[in-house]
Amino acid sequence: MVRTSSPGKVILFGEHAVVYGEPAIALAVTSRFKMNVRPRAGGKGHLVDGHRMTAAHHSYFKYAVENYWDGGPLDIATDSEIPSSSGMGSSAALTTSLMGALVELSGGTIDDERERIARQSFATEYGVQGRASPTDTSTATMGMGILLAKGPMDGLLWHVERGGAEWYIHRVDVPQLNIVVGFTGIKGNTGELVAKVRRFWESNNFAKETVADIGKLTMEGVEALNAGDVERLGELMDRNHQMLSILGVNHPKLQRLVEAARPHSYGAKLTGAGGGGSMIAITDEPERVAKAIQDAGGRPFIAEIRAPGLRRDGD
Ligand code: MEV
């Protein structure tokens, strides 16, 4: 049996625009998607948490196993600390944990195969969602902080191209930040939200300009991170949130949580695909912001960042 786990993530800047090759910054958080995978002795077909694996219920598992596993039937047990469809990258963490387990079951090691795992996990997300960027899968594989940029910079890991877009994937140093996440409790459908932004982007120049502006703002965010300038980071987060609202992925409940957090925060924005899902705030008063989010009807939690990436856990 192999036990693996991968971190969830929050996107600090650049969601949606990154699908078009614009930059983004994502941070791994300590909530993890854990998995036990073992060969299924004497059984036919794969099992997930005791149920037969189906495309309807286990799309990421099925895609990954059909494309990247040539061994016998598997028995997979999951245990996730990341709420599904919350904007915190649970499907990417699921996929990288599974891909890591498949590598280890085939006699390889996660550490030797990280780049391949990240690439295959991205291909899986892309295959299942229709269109995606490698943000979530790179962060789940590598942990800590990840910058996707338009060209090579310090900390370059690898380069990815897909569907007419390309990304240079980097490690990025992140100062200790107090991040509070507020989950609306409303599950956003990433594939549908990405498709909605695409329709807008294809038909409207203003949407194209907004996507490009998010990219520029994200690179300003890199400078603010490097300088440890939290006030600047906060301002940029507020502006990024406004641009995401223009792209049509905000939600009234998300907006309520963002407004509740702002009086005690440097900045706040939706994170991930939106349409529900979660928001994040950067603050010196995490307990106070968590309470404000709760009072506004959200489910808060104080996120610890700089979490390690995909790993094999003790048997
Ligand atoms: C989802 O966490 C982030 C999006 O930008 C989609 C993607 O990058 O694949 C909305």
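My aim in this report is to walk through the structure given alongside it, one point at a time. Computed from a predicted model, the values in this text were never measured in an experiment. (Residues numbered from 1 in each chain as written. Predicted model: local features only at pLDDT ≥ 70, side-chain atom pairs only at ≥ 80, totals over all residues. Heavy atoms only, no water.)

### Quick word on the overall build of the protein chain
For the protein chain, the count of helices and strands is nine helices and 13 strands. Scaling as 2.2 N^0.38, a compact globule of 315 residues should have a C-alpha radius of gyration of about 20 Å, and the protein chain matches this with 19 Å. If you line up the protein chain on its principal axes, its C-alpha atoms span 60 × 40 × 35 Å. Residues counted as buried form 54% of the 315 residues belonging to the protein chain. Intrachain contacts of the protein chain at a sequence separation of at least 6 include 73% that bridge at least 24 residues. Accessible surface, the protein chain: about 12,900 Å² in total, of which carbon and sulfur atoms supply 46%. Looking at the protein chain, you have 34 positive and 37 negative side-chain charges, and the mean spots of the two groups are 6 Å apart. (Helix = DSSP H or I, 4+ residues; strand = E, 2+ residues; numbered from the N terminus. Rg over C-alpha atoms; globule rule 2.2 N^0.38 Å. Buried < 20%, exposed > 50% of the residue type's maximum accessible area, 1.4 Å probe, protein only. Contact = heavy atoms within 4.5 Å. Areas by Shrake-Rupley, 256 points an atom, 1.4 Å probe, with all protein chains shown as cover. Lys, Arg positive; Asp, Glu negative; His and termini not counted. Charge placed at Lys NZ, Arg CZ, Asp CG, Glu CD.)

### Focus on the site of the ligand
The local shell around the ligand consists of Lys 9, Ile 11, Glu 15, His 16, Val 18, Val 19, Ala 132, Ser 133, Asp 136, Val 194, Gly 272 and Ala 273. Lys 9 has a polar side-chain atom sitting 3.0 Å from an oxygen atom of the ligand. At 2.8 Å, a backbone N or O of His 16 approaches an oxygen atom of the ligand. Relative to its unbound accessible area of 300 Å², the ligand is 98% covered by the protein chains. The class makeup of the residues in the shell around the ligand is six nonpolar, three polar and three charged. Viewed by domain, the shell around the ligand spans two of them, domain 1 (2-173) and domain 2 (179-303), each represented by three or more residues. (Near = heavy atom within 4 Å. Polar contact = N/O pair within 3.5 Å; in protein donor to acceptor, adjacent residues only side chain to side chain. Nonpolar A, V, L, I, M, F, W, Y, C, P; charged D, E, K, R; others polar. Domains from an automatic or database assignment.)

### Regarding the packing of aromatic side chains
The final tally for this structure, using the stated rule, is three aromatic pairs. Here the aromatic rings of Phe 122 and Tyr 126 are separated by 5.7 Å at their centres, their planes lie at 80°, and the arrangement is edge-to-face. Taken as a pair, Phe 122 and Tyr 126 lie in helix α3 (residues 114-129) at a separation of four residues, close to a single helical turn. Judged by its relative accessible area of 12%, Tyr 126 falls in the buried class. The interplanar angle of 85° and the centroid separation of 5.7 Å between the aromatic rings of Phe 122 and Trp 167 together place this pair among those described as edge-to-face. (Phe/Tyr/Trp six-rings, centres within 6.5 Å; stacked < 30°, edge-to-face > 60°.)

### Quick look at the sheet that holds strand β9 (residues 179-183)
What the four strands build is an open sheet, ordered β10-β11-β9-β12; its pairing is antiparallel. This sheet does not close on itself; its edge strands, each paired only once, are β10 (267-271) and β12 (299-303). With direction set aside, neighbouring strand axes in the sheet form an average angle of 25°. When β10 meets strand β11 (residues 278-282), the two strands line up antiparallel, connected through five bridges. (Pairing = 2+ DSSP bridges. Axes fitted to C-alpha atoms, helices over the stretch in contact; angles between N-to-C directions.)

### A few points about the pairing of β10
Most of β10 sits out of view: five of its five residues are buried. Between β10 and β11, which pair antiparallel and follow one another directly, the connecting turn spans six residues, one of which, Gly 272, has a positive phi of 85°.

### Let's talk about the pattern of salt bridges
One pass over the full model with this rule turns up 17 salt bridges. Close ionic contact of Arg 114 with Asp 111 constitutes a salt bridge, the shortest N to O distance being 2.8 Å. Using a relative accessible area of 17% as the deciding quantity, one classes Arg 114 as buried. Lys 216 is paired through a salt bridge with Asp 213; the nearest N and O atoms lie 3.7 Å apart. (Salt bridge = Lys/Arg side-chain N within 4 Å of Asp/Glu carboxyl O.)

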